Every structure is written in structure tokens, then in C-alpha cells.
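# Examination of the molecular architecture
Residue-level listing of the chains:
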Amino acid sequence: MNDTFASKIPALLAKYETDLLEEWIKAQLDATTLRKDLLSSADLRRSSDEFLSLLRRAATTGNLLNLNAPEWLPVKDFLAGVSRSRASQGFTPSETATFIFSFKQPLFTRLQEECGSDSRALAEELWIATTLLDRLGLFTAETFLSSREDIIKQQQLEMLELSTPVVTLWNGILALPLIGTLDSSRTQVVMENLLQTIVETGSEYAIIDITGVPTVDTLVAQHLLKTVSAARLMGAQCIISGIRPQIAQTMVHLGVAFGDVITKASLADALSYAFKQMGITVLRKQN
Amino acid sequence: MEKIPIIKMGDFLLVSIQVDMHDRLAMALQDDLTIRVAKERSKGVLIDISSLDVVDSFIGRMLDNIAAMTRALGTETVVVGMQPAVAITIVELGLSLENIYTALNVDKGMALLEARMKASVDENDE
């Protein structure tokens, strides 16, 4: 399309700003994708109003197709802010993109009125308007997705930190209660945490409790065995506890074996085994 | 040529590795240690590797070999103070090090050797 064509859109935006705003808000309120539970109509009006005035200002430069130009920077910043806040509020991508796409109808109606019977000019104007709004819409969707990814990444990181505490049960006995699925990256963190704490506390026994691990397949068993072998090389003994009956059954069916690692049904059994090895006896006080 | 000192402590020999182990040094240690074990008729060997940050497959196998050799001479070897990173590396390399006893520090390693000596004396008495 030729870029030299003098579009009426900038003038139109300036002339009918309030009318366009009302029609656009109406279109947004009528849209089936509107989330009344997440967005009040006052917020909707405020963001629509702000976007429209930024769009008008950017459009006055006459550049309607190159969004990388500096004059479009405020519009893009604003849209990025809207996408980010909507991503964290829990909007879907289409609900977010509708914010831009619902502006098409009011704008097209105005353009039609303005161009009257000049169909060639109308086609030209519509092409420019639709390209502009599509680009803005795509930009919104892209920012939306990237902010969603950021949120997911941060949550994963938080989970990783939360999910691997090493607990000192007794002088010389550590416990590591594992919760959730064990994958390679988590096992790495678990392993490093445990070994580091073994060095710091000089503990000779470490109990790995897998009560909270939903399934034990060959891969999980291999990860656990690696941790146990590493601890053994450092001079600490590992006990695996919390193997539930179903897990014991599936392990045997799958042919998963923990080899010569000591396994116990519960953390209590493991602790009493460690006590016995260390020569500690627990007695009820007689009185 | 530089050498790793071997210290005699009562019935035991103590080797503290404080420099980066290169292959030639490792081979020299293997020679020296077996000769000393036979000469001193030691009851146990402690190898302290707590200041060793890097262990490759060669050094790992050499430690295992030393343990096997001293066992052939009637002496147990305990490797003490292995760093977490080193332990992870050895496991990831797939080395089993099955001849080696390990302990967290020299104290615990010595206690382990004493316990084993006592156990073998008891066995002989029976």
C-alpha cells in the first residue's frame, strides 16, 4: 500500500474523539469476552480514554503504519502496561486482545460516514485502519504472553526454593521431606542442598522421606540413588523412608530397585533405625 | 619433584591432599603409600581430600585402586571430607568406588577405622 496516501484517520480521531470513545466502550461492554468480575466499567472507561488520546496524539504525525517509530512509543508502553496487568489478573489472551479489536467497529463506521460514496478512498482508509489496529492487537497479545511466561517462571523458582527444606531431626540426623514430582532440575537442587547441609552440620545420617512424592518410576529412583551415592561418598548414610504400599507395588512391577540402600516404611522407623545405629536409646521416664 | 607427605599417626597413616592432583602426583602417591603401608605395618589409612575441589575420573579410580591395594596388604582405607561438588561429579561420572570407606572428617574416619579394627580382633578371637 502506498504510504503517501493522506489518511483522514488522524483528523477523524481528533474530531470524533468523545463519540468514538462512547461507541467503543459500548462495543466493549457488549462483547461476550468482557470480564465484569475482573474489570469495573470505570476502569474500562479510564483505560479506553487514555488509549484513545494517546492514539490520537501518535496519529497526528501522519505515520500510521510504522509502529517502531518513536511517536508510537507512548501507545506501546501503555498497551504493555494494560497487557501486563491483565495477565496478572487472569484474563485470557482473547479477552485482552478484544480491548484493541473492538475499536474496529466504531472506527470503521465513522470512516464509512466520512468517505461517503468514494469507495476507493474507503477501501484505502479501511486497509490502513485495519493494519494499524491488527498490529496494535498483536503487540498486545505478544506482551500478554511474555508477561504470562515471566509469571510462570517466577512461580517455578519460588516452588523450587520452597519445596526443598533440609531439617535437623537430631544432633547428627538430617531429614529431607520431599513433596511433589522429582525431575532433574529439582533433584539437582535437593542433592546440593542436602550435601551442603551434611558438610555444615557434620551429620552422619540423612533420612530422605518420599511420602509426598506421588509416583516413583525408574527415573525418580535413579535420581534418589544418585543422591544416596553422593552422600555415601562424603561419609554420610542415607535412609529412604515413606514408601507407601502402592508405590512399593508399582516399584516391584516396574523392576525399580533401590539396591543396598536402607528403606523404611515411615519416617519414625527410619529415625529409630538411625538411633539404633548411633547407639541412642529412647526411654519413657518412670515416675 | 613435589610429593604428597604421608604422616604416621600411631597405627594409622594420614595423607592430606592440599594441592591439585595431577596424574603423575597421583601415581607417585600410590607408590609411596603402598610402600609405607607395608613398611610400617599400619592398621589403617586416612586420605583427607577436603581441600580438593576438582576430581576427575582418573583421580577417582586412583583412590579406589589405593583402597584395593591397601586392602590386599591387610589395611583399610578411609577417604574423608569429600566436598559435595566432588561427590556429585563422581556419581555423575558413574564411578562406584566400591573399595572405599568414607567419613565426614578425620575424627570420624579414625573412629570408623578403630571400630573396624576392634571388629576384626573380635572375629579372630571367636
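Residues numbered from 1 in each chain as written. Chains lettered and ligands numbered in written order. Predicted model: local features only at pLDDT ≥ 70, side-chain atom pairs only at ≥ 80, totals over all residues. Heavy atoms only, no water.

## A short note on the interface of chain B and chain A
Across the boundary between the two partners, chain B contributes 13 residues, which contact 16 residues of chain A. Roughly 1,300 Å² is buried in total at the junction of chain B and chain A, and carbon and sulfur atoms are behind 70% of that figure. Three residues, Ile88, Val91 and Leu104 of chain B, lead the burial of chain B against chain A; their summed loss comes to 42% of the area buried on that side. Its salt-bridge partner being Glu92 of chain B, residue Lys226 of chain A comes within 3.3 Å of it at the nearest N-O pair. Linking chain B with chain A are 4 residue pairs in polar contact (both at pLDDT 80 or more). Looking at the side of chain B that touches chain A, the elements with two or more residues in it are α3 (84-93) and β5 (101-103) of chain B. (Contact = heavy atoms within 4.5 Å. Buried area = accessible area lost by both parts, 1.4 Å probe. Salt bridge = Lys/Arg side-chain N within 4 Å of Asp/Glu carboxyl O. Polar contact = N/O pair within 3.5 Å; in protein donor to acceptor, adjacent residues only side chain to side chain. Helix = DSSP H or I, 4+ residues; strand = E, 2+ residues; numbered from the N terminus.)

## Considering the pairing of strand β4 (residues 237-241) of chain A
The side chains of a regular strand alternate between both faces of the sheet. Residues and elements named next belong to chain A. In terms of burial, β4 is largely enclosed, as 4 of its 5 residues are buried. Relative to β4, strand β3 (residues 205-212) runs parallel, the two being bridged by 5 bridges. Bridge pairing in β4 places Ile208 opposite Ile240. Considered for its hand, the β-α-β crossover made up of β3, helix α9 (residues 218-234) and β4 is right-handed. Sheet analysis places β4 next to strand β5 (residues 262-264), joined by 3 bridges and oriented parallel. Residue pairing in the sheet places Ile240 in a bridge with Thr263 of β5. Read from β4 through helix α10 (residues 245-254) to β5, the crossover connection turns out right-handed. (Buried < 20%, exposed > 50% of the residue type's maximum accessible area, 1.4 Å probe, protein only. Pairing = 2+ DSSP bridges. Right-handed = clockwise from strand over helix to strand, strands pointing away.)

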